[in-house]
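# Inside the fold
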There are 2 protein chains.
Amino acid sequence: MNYSKQREVVLDSLKKNVIHPTAEKLYSIIQIEYPEVSKATLYRNLSQLADAGIIKKIDGLEPSAHFDHNTHPHYHFMCEKCGRVFDISTDVAQNVTEKAEQETGFKITSHEIVFKGLCKDCQE
Amino acid sequence: MNYSKQREVVLDSLKKNVIHPTAEKLYSIIQIEYPEVSKATLYRNLSQLADAGIIKKIDGLEPSAHFDHNTHPHYHFMCEKCGRVFDISTDVAQNVTEKAEQETGFKITSHEIVFKGLCKDCQE
DNA sequence: CTCAACTTGATAATCATTCTCATTTTAAAC
DNA sequence: GTTTAAAATGAGAATGATTATCAAGTTGAG
């Protein structure tokens, strides 16, 4: 991957926005300061960065993909009221890969847990 | 929900096809025997049945949604080679909801785990 | 049987994303 | 610093999945 100003902007903006934004959300954020980044470039760079393991695409949050600059293992929680996405520690489900491999005989390379419900703020 | 022949066909076809088909896959299956079921009706009924809790939409298997007639709690595994989706017992991750609620203070109403890797057949 | 609510098929519309391609930028080699 | 091939870009077209629209047909309680 060669350097490009636009890719730098995409990655920096994702790092600055810990809200696990969707591509569209990130696009609108970037537009404010860097209107020179096109939508095609944004999508292109999001997949490239994800392929390179520099960012992570969060599955399970359809209809549109969310992205996370934190590639350390962790799970996610999405509040069904405010829509915000929070990180959940892997502590909540230990050795799941091992257990699932034992139980099935499958070779598991990745897994993802998505919780849904109400965040603290929205419970009130 | 009133009765309709088409809805019956959709539900029966999903029950007969344990492969966790996508909407499009199910459409092509249904077309063979019941060409009178339109795509709009299929999509409409899939969401209605899912809203009613009669079937379940499996998230995390983008880009298109998969459906499951088994609404009992269980997880999923998708083989990255053959694309098949298998059920995984909830044994592999016990008390995750409780643990996550304790850790975060969020009210969790649902969660989903999707594993990816190679199924038994594809490991050879 | 009647009638309002529900459902349908056909198709248009929408949304998210990917693709195309001519132009521009990057960076390694000279 | 010039050359050059590979990489990256912007604009917009194209695609795929899904949802919306709406006139016409179906269902079921009274």
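Quick note: structure is the one above.
Throughout what follows, the structure given in this document is the object of discussion. (Residues numbered from 1 in each chain as written. Chains lettered and ligands numbered in written order. Predicted model: local features only at pLDDT ≥ 70, side-chain atom pairs only at ≥ 80, totals over all residues. Heavy atoms only, no water.)

So, on to the sheet that holds strand E5 (residues 107-118) of chain A. Pairing is mixed in the open sheet, where six strands are placed in the order E4(A)-E3(A)-E5(A)-E5(B)-E3(B)-E4(B). With one partner strand each, in any of the chains shown, strand E4 (85-88) of chain A together with strand E4 (85-88) of chain B form the two edges of the open sheet. Taking each pair of neighbouring strands and ignoring which way they run, the sheet shows an average axis angle of 25°. Relative to E4(A), strand E3 (residues 75-79) of chain A runs antiparallel, the two sharing four bridges. By the bridge assignment, His76(A) is partnered in E4(A) with Asp87(A). This element, helix H4 (residues 96-104) of chain B, spans E4 and E5 of chain A together with strand E3 (75-79) and strand E5 (107-118) of chain B of the sheet and lies at about 120° to E5(B). (Pairing = 2+ DSSP bridges. Helix = DSSP H or I, 4+ residues; strand = E, 2+ residues; numbered from the N terminus. Axes fitted to C-alpha atoms, helices over the stretch in contact; angles between N-to-C directions. Contact = heavy atoms within 4.5 Å.)

A word on the packing of aromatic side chains. Using the criterion set out here, one finds six aromatic pairs over all chains in the structure. Pairing Phe77(A) with Phe86(A) gives two aromatic rings, centres 6.2 Å apart and planes at 50°, and the pair type is tilted. Using a relative accessible area of 0% as the deciding quantity, one classes Phe77(A) as buried. Between Phe86(A) and Phe106(B), the aromatic rings sit 5.0 Å apart at their centres with planes inclined by 55°, giving tilted as the arrangement. (Phe/Tyr/Trp six-rings, centres within 6.5 Å; stacked < 30°, edge-to-face > 60°. Buried < 20%, exposed > 50% of the residue type's maximum accessible area, 1.4 Å probe, protein only.)

Neighbouring DNA strand D are 21 residues, the closest being Ser4(A), Arg7(A), Glu36(A), Thr41(A) and Tyr43(B). By atom count, sugar and phosphate contribute 76% of the portion of DNA strand D lying within 4 Å of the protein. Arg44(A) is positioned with one of its side-chain polar atoms (N or O) 3.1 Å from a base nitrogen of DNA strand D. Element by element, the count of residues in the surface near DNA strand D is highest for helix H3 (residues 39-51) of chain A, at five residues. The residue inventory of the surface near DNA strand D, partitioned by class, reads eight nonpolar, nine polar and four charged. (Near = heavy atom within 4 Å. Polar contact = N/O pair within 3.5 Å; in protein donor to acceptor, adjacent residues only side chain to side chain. Nonpolar A, V, L, I, M, F, W, Y, C, P; charged D, E, K, R; others polar.)

What follows covers the relation of the copies chain A and chain B. What connects the two chain copies is a rotation about an axis and a shift along it. Superposing chain A onto chain B takes a rotation of 180° combined with a translation of 0.0 Å along the rotation axis, leaving an RMSD of 0.1 Å. Taken together, these values place the two copies in the relation of a two-fold axis. Of every C-alpha in chain A, the one belonging to Gly60(A) sits nearest the axis of rotation, 1.8 Å from it. When the interface residues of chain A are mapped onto chain B, 100% of them again fall at the interface, so both copies present the same face. (Least-squares fit on C-alpha atoms with pLDDT ≥ 70 in both.)

A word on unusual backbone geometry. Look at His20(A): it is not a glycine, yet its phi comes out positive at around 55°. Locating His20(A) in the fold gives a position in the loop between helix H1 (5-16) and helix H2 (23-33). Using a relative accessible area of 4% as the deciding quantity, one classes His20(A) as buried. Unusually for a residue other than glycine, Asn95(B) sits at a positive phi of about 60°. Mapped onto the fold, Asn95(B) is located in the loop between E4 and H4. Judged by its relative accessible area of 47%, Asn95(B) is partly exposed.

For the rest of this paragraph, the subject is H1(A). All names here are of chain A. End to end, H1 covers 16 Å across twelve residues, agreeing with the expected 16 Å (1.5 Å per residue, within 8%). Taken residue by residue, H1 has Arg7, Val9, Val10, Leu11, Ser13 and Leu14 as its buried positions. Check the buried side of H1 and you find it contacts H2, H3 and strand E2 (66-68). (Expected span 1.5 Å × (residues − 1).)

Attention now moves to the interface of chain A and chain B. The interface of chain A with chain B comprises 34 residues on the first partner and 34 residues on the second. Interface of chain A and chain B: buried area, both sides summed, is about 2,800 Å²; carbon and sulfur atoms make up 58% of it. Summed over the shared surface of chain A and chain B, the result is two salt bridges. Taken together, the links from chain A to chain B amount to 18 residue pairs in polar contact (both at pLDDT 80 or more). Of all the elements in the fold, those that place two or more residues in the side of chain A that touches chain B are E4, helix H4 (96-104), E5 and helix H5 (120-123) of chain A. Looking at the side of chain A that touches chain B element by element, the count peaks at twelve residues for E5(A). Classifying every residue of the side of chain A that touches chain B by side-chain character gives 14 nonpolar, ten polar and ten charged. In this structure, E5(A) lies alongside E5(B), joined through eleven bridges in antiparallel fashion. For His111(A), the partnering residue across the bridge sits in E5(B) and is Phe115(B). (Buried area = accessible area lost by both parts, 1.4 Å probe. Salt bridge = Lys/Arg side-chain N within 4 Å of Asp/Glu carboxyl O.)

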